[in-house]
Amino acid sequence: MSIITSKREEVYSEIKKALNKAKKKEILKFNVLPDFTVEVPRDKTHGDFATNIAMLLCKEVKMPPREVARILIENLENVDEWTEKVEIAGSGFINFHLGQKWLYKVLPYVIKEGENFGKSNVGQGKKIQLEYVSANPTGLLHMGNARGAALGDTLSNLLAAIGFNVTREFYINDAGNQIENFGKSLEARYFQLLGQKADFPEEGYHGEDVVATVKNIISEVGDKYLNVDSVLRREFLIQKGLEEKITNIKNDLARFGVEYDVWFSEQSLHDTGAIKRIIQELQDKDLIYEKEGALWFKTSQFGDNKDEVVVRANGIPTYFVADIAYHINKFERGFEKVINIWGADHHGHVARMKGAMKAQGYDEKKLDVIIMQLVRLLRDGDVVRMSKRSGQYITLSELIDEVGKDAARYFFIMRNPDSHLDFDLDLAKAESSDNPVYYVQYAHARIASILKASPEKIKNIELINFALLKEETELNLIRKIADYPEEITEAALNYEPHRLTRYAQDLASAFHSFYNSCRVLTDEKGLREARLGLVDATRITLRNLLLLIGVSAPERM
RNA sequence: GCGCCCGUAGCUCAGUGGAUAGAGCACUGGCCUCCGGAGCCAGGUGCGUAGGUUCGAUUCCUAUCGGGCGUACCA
């Protein structure tokens, strides 16, 4: 429990106590206590915490809000012990000024916690699963996959930090139509590279990477498969091709700092009969009918706007039913929460997947789908057009080469997933103040060099007199640090990783301001030690934060 | 047509049922004999439009306009 959270709760419960006291005395007459807020006001002159309770209550008690506020304040107990000043402001806000004492407790707490600062047990060890990227293994990872990777990994880190037991998972679409297509493409390239005539399938994968894959296969087995049965040849090429593609995907993601606990194969759902089982179960529930030779699932009964095919007329199950089987599998593994990160082009899939879970007797509320909008790439101010089919796209690997892992990850989580993302390659590459990543990392490097230049190391934080920190920039920095645990919790629970970059910016800014107005390594020993403590607490916070985002915290730049 | 997301500063984006709506970039001017100037300080414009709910709406609801995506026996 962080200091600021406990402080807020203290204020909250004191207000409640006062209200109940006034109610008992029949000065305020109300039935149910409204759901009021206690928040840190935007404007510092409005104190450390503010509540809107008076405005919410005014109607029921039939008094002007400021009058309600006055009564409430009168009924607060031992106000002087925990506040410096309580005032009524604006149309009826009550502002609590707590003084600075509690702020000084923040720093020793942070230093003692170290890398645990910000962590909590809000999640209580509950099992939670995140599935992200899950790109088709028929090609390389593109910008959209990269955004999903950065978001998914950061969100996983966040949830783990607040005490959830997180499983990170990649679903490999190694079955279905696109694999057939992949096989045809490989086969055509195989013929072509061996000097044979072959038409390349129109719907095939035109990318250069497919050519490279086939070249690798040829260097291994030569023309051995030129004259075998086409079915066997394709089977072999697909197996080899998938192996290489999946290895590539794993390597690229690893370079991006993204590691998975589970790589789940779609094919395995066919092999184990899980898909057949689902279809049977749906049939038993009378949720399946036949039309034009295909089997349809009555998804419209569950909020979808039309029914969906689960088995095609040619007898091959669709991606949809495989995905249902996969999600049932997730629930069977006992996750209390299942989170998917999908691109906006899959949003139509959400309602029917939830419907399918409901049809199978699972609580669809346990399935959260984060839809992220698509990425647009900008170079020299122009949009770079991308298309996977045509093979024209910038890969994750190329992106890392060009702008580096740190900048790429930072940029991807800077935006709300709901927002379209314009990825400005030139800005991401800029080694200047324009680049928000450097701005934050610079603060960390600067701290490292102060600590290095310091004549003494902090040994016993108990002996430091933090009350010597009285400058406005010092107090601002402490307040910002104190916000950190709450920021982490909010970002995690609301699935909002982008809050982290904003906070990072603010924290770095508060530090730079402090640095410019206060000399750390001053001759006064007491003040120097207090400031070193402040600097160290800033370092710990910055470092923990960057770690969550998957960006390095450099000692030097 | 229908469904989902978005519309906030010149640009890229945060944010909130409440008190003066923020940040970065861009533009202008200042700041190191001293811990890293990749820094700091100062400067100004905006919630697409129209209704409704509310003590209070940029936020919630409805309509409308604009952009993206979906609406496959692709995934």
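For the structure given in this document, a descriptive report is provided here. (Residues numbered from 1 in each chain as written. Chains lettered and ligands numbered in written order. Predicted model: local features only at pLDDT ≥ 70, side-chain atom pairs only at ≥ 80, totals over all residues. Heavy atoms only, no water.)

What to know about the packing of aromatic side chains
Okay, so step 1: Tallied over the entire structure, the rule returns 23 aromatic pairs.
Okay, so step 2: Look at Tyr132 and Tyr260: their rings are 5.0 Å apart centre to centre, the planes differ by 35°, and that puts the pair in the tilted class. Of this pair, Tyr132 sits in the loop between strand 5 (127-131) and helix 6 (143-161) while Tyr260 sits in the loop between helix 9 (230-255) and strand 7 (262-265), and the two are 128 residues apart along the sequence. When sorted by exposure, Tyr132 lands in the same class as Tyr260, which is buried.
Okay, so step 3: For the ring pair Phe170 and Trp263, a centre distance of 4.5 Å and an interplane angle of 25° mean the geometry is stacked. Placement of the pair is Phe170 in strand 6 (residues 165-172) and Trp263 in strand 7, with a sequence separation of 93 residues.
Okay, so step 4: Look at Phe170 and you get buried, because its relative accessible area is 1%.
Okay, so step 5: Following the ring pairs from residue to residue traces out a cluster consisting of Tyr109, Phe117, Tyr484 and Tyr503.
Okay, so step 6: The ring of Phe200 carries the charged tip of Arg189 above its face, separated from the ring centre by 3.9 Å.
Okay, so step 7: The side chain of Arg409 reaches across the aromatic face of Phe256, ending 5.7 Å from its centre. (Phe/Tyr/Trp six-rings, centres within 6.5 Å; stacked < 30°, edge-to-face > 60°. Helix = DSSP H or I, 4+ residues; strand = E, 2+ residues; numbered from the N terminus. Buried < 20%, exposed > 50% of the residue type's maximum accessible area, 1.4 Å probe, protein only. Lys NZ or Arg CZ within 6 Å of the ring centre and 35° of its normal.)

Some points on the sheet that holds strand 8 (residues 288-291)
Okay, so step 1: One open sheet accounts for three strands, arranged 8-9-10; its pairing is antiparallel. Of all strands in the sheet, those with a lone pairing partner are strand 8 and strand 10 (308-311), marking the two edges. For this sheet, the mean inter-axis angle between neighbouring strands, taken without regard to orientation, is 45°.
Okay, so step 2: Pairing geometry for strand 9 (residues 294-297) and strand 10, over three bridges, is antiparallel. Bridge pairing in strand 10 links Trp296 to Val309. (Pairing = 2+ DSSP bridges. Axes fitted to C-alpha atoms, helices over the stretch in contact; angles between N-to-C directions.)

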